[in-house]
Amino acid sequence: MLLKRGAEAELRRTEFLGRPAVEKHRAPKRYRLEALDEDLRRSRLRTEARLMAEARAAGVAVPILYDIDAVENKIVMEFVEGPTGKEALDRGGPSARRIARAIGRVAGRLHRAGIVHGDLTPSNMIVRSGRIVMIDFSLGGRDDGAEARGVDLHLLREALVSAHAHADDYYREVVRGYREVMGKAADAVVRKVREIEERGRYT
Ligand SMILES: Nc1ncnc2c1ncn2[C@@H]1O[C@H](COP(=O)(O)OP(=O)(O)O)[C@@H](O)[C@H]1O
Ligand SMILES: [Mg+2]
């Protein structure tokens, strides 16, 4: 069963040794030069698999990686049952605030471990039994600078603003959760987010 056909990847429900699983496959892009396209797809796949393992080691819940196939350009991972972070926030109420705070803590754990996600939006999170499971690391990387961290949080804020009436409340909770984990180091990042927004306003 096809779950989603995105710009870059196709996701299917499947089974792995009898367990519910998801296969994420990157199909070739015809408009890209073939050799270049191969490299790009392979490197995104490797990044995704490596960062999933690093995030797990940093205490962030991620799907279990069952298989990686660099020839077919696909990974097979655990199917995570639950709404996306976006769907959970859409429902509103006090549990949405708790989720926003949990999202902030997840961002903090990633950043504290030197990982930036690269596409840190609530659509790339699944809420399983009240806990955030982080997915879609293909645009991520290693960076512990305030700029890269600020870009991550800024993207999250933008996603909240564009989709949720209570975006300001949610972002406040995100920052609270982020500070819980990052402590003093959070200040420079939160400042950076403001700076990025100012830049956007005047250019
Ligand atoms: N392990 C998983 N378990 C359940 N659903 C998943 C899983 N991985 C992805 N999905 C669903 O598929 C969507 C797209 O997956 P994602 O990895 O974000 O691909 P894309 O790069 O196309 O954004 C997610 O938003 C989520 O709804
Ligand atoms: Mg995604």
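Refer to the structure presented above.
Throughout what follows, the structure given in this document is the object of discussion. (Residues numbered from 1 in each chain as written. Chains lettered and ligands numbered in written order. Predicted model: local features only at pLDDT ≥ 70, side-chain atom pairs only at ≥ 80, totals over all residues.)

1. Brief notes about the sheet that holds strand β4 (residues 65-69)
An order of β1-β2-β3-β5-β4 is seen for the five strands of this open sheet, with the pairing classed as antiparallel. Each edge of the open sheet carries a strand with a single partner, namely β1 (2-5) and β4. The mean angle between the axes of side-by-side strands here comes to 25°, regardless of whether they run parallel or antiparallel. In terms of strand pairing, strand β2 (residues 10-16) meets strand β3 (residues 19-25) through seven bridges, oriented antiparallel. Paired with Arg13 across the bridge in β3 is Val22. The strands that helix α1 (residues 34-57) touches are β4 and β5 (74-78); relative to β4, the one it contacts most, it runs at about 155°. (Pairing = 2+ DSSP bridges. Helix = DSSP H or I, 4+ residues; strand = E, 2+ residues; numbered from the N terminus. Axes fitted to C-alpha atoms, helices over the stretch in contact; angles between N-to-C directions. Contact = placed C-beta atoms within 7 Å.)

2. Some thoughts on the environment of His111
Within the secondary structure, His111 is located in helix α3 (residues 93-112). In this structure, the C-alpha to C-alpha distance between His111 and Met182, residues 71 residues apart in sequence, is 8.0 Å. With residues up to four places along the chain from it excluded, the contact list for His111 reads Val116, Arg149 and Met182.

3. Topic: the nonpolar core
Looking at soluble globular proteins, one finds that nonpolar side chains tend to be buried together. Counting residues in each nonpolar core, the largest one holds 38 residues, and the members touching the most others are Ala55, Ile103 and Met134. Ranked by residue count, the leading element in this core is α3, at seven residues. Counting residues domain by domain, this core receives three or more from each of domain 1 (2-78) and domain 2 (85-202). Ignoring anything within four residues of it in the chain, the contact list for Ile103 reads Gly85, Pro122, Met125, Ile132, Val174 and Gly177. Among the nonpolar cores identified, the runner-up in size contains five residues, and Val22, Leu45, Val76 and Met77 belong to it. (Core = buried A, V, L, I, M, F, W, Y, C linked by C-beta atoms within 7 Å. Buried ≥ 20, exposed ≤ 12 C-beta atoms within 10 Å, placed from the backbone. Domains from an automatic or database assignment.)

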